[in-house]
Amino acid sequence: MLRIYRKAFMRVSVVICTYNRGSSLRETLLSLQSQRYENFEVVVVNGPSTDDTEAVLVEFGGLIRTARCPAPNLSMSRNIGIRAAAGDVVAFIDDDALPEFDWLNQALPAFTDPGIGGVGGIVFDHTGMELQYRFSSADRFGQALHRSTEPFDDLSVPGSSQFPYLQGTNALFRRSALEEVGGFDETYEYYLDETDVCCRLVDAGFVLRQLRNAPVHHKFLPSGIRSADRVVTNWYPMIKNLTYFGFRHALESSSEREILERSEAFAAMCVRDAV
């Protein structure tokens, strides 16, 4: 029988970074009211939204806490959320995602091990039937490897050429671990932001655990870099951030030339996809 953890266990801050998604934000906030885990707060960090997001925040009144981010920068917004959070664990979920009712209850037991810096659950796509994400790792160039059979927890080794990372729409971090590594790097306005923080957590000696449960459903709505039919419309932050990631994390084992060649190959792939 599933144990229901209540107020004797860890305090959690669920942080939602939002930007011009008032309607879906409302659905996410409503879904969080069904969580069976009780000891959590919700912190919404609103970017420079121009839609009805402010009205949605007023609608939820004293049920949530709010903060403001002056720029459409996800890493900056996440850092504001971390600073506003009162919990021992900071749980990130996107403003276009819906957690299942046992999301927190299934994820939090991993933190009974003090060496765990972060955990992440599975992510269903917008159909609610297919998995968008189960287990992922990345190399020092920021290139991802996905699989559906086994988690990559064994790669949580400082300096490892391949390391596990958690999807930003379903990622929970020990707050003290995030503070130890300096939070999110605000150079990453979008793309590779969570991959970078996971790399730094592993290098700092923390273990990341990828779970087989704790699911959320991700609607993957249009954004500043993709259209309603999920076509990327702005490749700049992706190419820029991949290059920056390589220079930050691959220089000890690779040459500048190799980093740039990897970035050029990625840019060429982007061009092919765009035509």
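Residues numbered from 1 in each chain as written. Predicted model: local features only at pLDDT ≥ 70, side-chain atom pairs only at ≥ 80, totals over all residues. Heavy atoms only, no water.

Chemist: Account for the side chain of T169, with residues named and values stated.
Modeler: If you trace the backbone, T169 turns up in the loop between β11 (162-164) and β12 (171-174). Engagement of the side chain of T169 in a polar contact is seen with the side chain of D94, the distance being 3.4 Å. Those residues in contact with T169, other than ones at most four positions away along the chain, are F92, I93, D94, A97, V123, V216 and H218. (Helix = DSSP H or I, 4+ residues; strand = E, 2+ residues; numbered from the N terminus. Polar contact = N/O pair within 3.5 Å; in protein donor to acceptor, adjacent residues only side chain to side chain. Contact = heavy atoms within 4.5 Å.)

Chemist: Kindly report on the pattern of salt bridges, identifying the contributing residues and their values.
Modeler: On inspection of all chains with the given rule, the structure shows 20 salt bridges. With a closest N to O distance of 3.0 Å, K219 and E27 form a salt bridge. Here K219 is found in the loop between β14 (216-218) and α7 (236-249), whereas its partner E27 is found in helix α1 (residues 22-32), with 192 residues between them in sequence. A relative accessible area of 37% places E27 in the partly exposed class. D153 is the partner of R209 in a salt bridge, and the nearest nitrogen-oxygen pair spans 3.9 Å. Residue R209 is found in strand β13 (residues 207-210), and its partner D153 is found in the loop between β10 (144-147) and β11; the two are separated by 56 residues along the sequence. In this structure R209 comes out as partly exposed when scored by relative accessible area, which is 30%. Through salt bridges with shared partners, a single ionic network connects D185, D196, R200 and R248. (Salt bridge = Lys/Arg side-chain N within 4 Å of Asp/Glu carboxyl O. Buried < 20%, exposed > 50% of the residue type's maximum accessible area, 1.4 Å probe, protein only.)

Chemist: How would you summarise the packing of aromatic side chains if you had to cite specific residues and measurements?
Modeler: Overall, the coordinates contain five aromatic pairs when judged by the stated rule. Pairing F92 with F184 gives two aromatic rings, centres 5.6 Å apart and planes at 85°, and the pair type is edge-to-face. Of this pair, F92 sits in strand β4 (residues 89-92) while F184 is found in the loop between α5 (175-180) and α6 (193-203), placing the two residues 92 residues apart along the sequence. Judged by centre distance (6.3 Å) and plane angle (15°), the ring pair of Y191 and F266 falls under stacked. A residue pair is termed long-range when its members are at least 10 positions apart, and Y191 in the loop between α5 and α6 and F266 in helix α8 (residues 256-274) qualify at 75 residues. We classify Y191 as partly exposed; its relative accessible area is 21%. Three or more aromatic residues joined by ring pairs make a cluster, and in this case those are F92, F173 and F184. Above the plane of the ring of F152 lies R147, whose end atom (NZ or CZ) is 3.8 Å from the centre. Above the ring of F141, the side-chain terminus of R262 is found at 3.9 Å from the ring centroid. (Phe/Tyr/Trp six-rings, centres within 6.5 Å; stacked < 30°, edge-to-face > 60°. Lys NZ or Arg CZ within 6 Å of the ring centre and 35° of its normal.)

Chemist: Which residues make up the confidence of the model for the chain, and what are the values?
Modeler: When pLDDT is averaged along the chain, the result is 91, and 91% of the positions lie at 70 or above. Under a pLDDT of 50 for its full length, residues 1-8 has, in the predicted model, 15 contacts with residues more than four places off or in other chains. (pLDDT = per-residue confidence, 0-100.)

Chemist: Give me the layout of surface pockets: which residues, what numbers.
Modeler: The computed volume of the second largest pocket comes to approximately 170 Å³. Every residue lining the second largest pocket is listed: R140, G159, S160, S161, R200, D203, R248, H249, L251, E252 and S253. Sorting the residues of the lining of the second largest pocket by element identifies α6 and α7 as the ones contributing at least two each. Grouping the amino acids of the lining of the second largest pocket by side-chain chemistry returns one nonpolar, five polar and five charged. (1 Å grid on protein atoms, 1.4 Å probe; cavity = no way out; pocket = protein on both sides within 12 Å on 5 of 7 lines; lining within 4 Å. Points joined across faces, edges and corners; volume = space filled by probe spheres on them. Nonpolar A, V, L, I, M, F, W, Y, C, P; charged D, E, K, R; others polar.)

Chemist: Break down the sheet that holds β11 for me, with residues and values.
Modeler: If you walk across this open sheet you meet the three strands as β10-β9-β11, and the pairing is antiparallel. Of all the strands in the sheet, the pair left with one neighbour each is β10 and β11. Within the sheet, the average angular offset between the axes of one strand and its neighbour, ignoring direction, is 30°. Of the strand pairs in this sheet, strand β9 (residues 135-139) and β10 are connected by four bridges, and their pairing is antiparallel. Directly across from S137, in β10, lies its bridge partner L145. (Pairing = 2+ DSSP bridges. Axes fitted to C-alpha atoms, helices over the stretch in contact; angles between N-to-C directions.)

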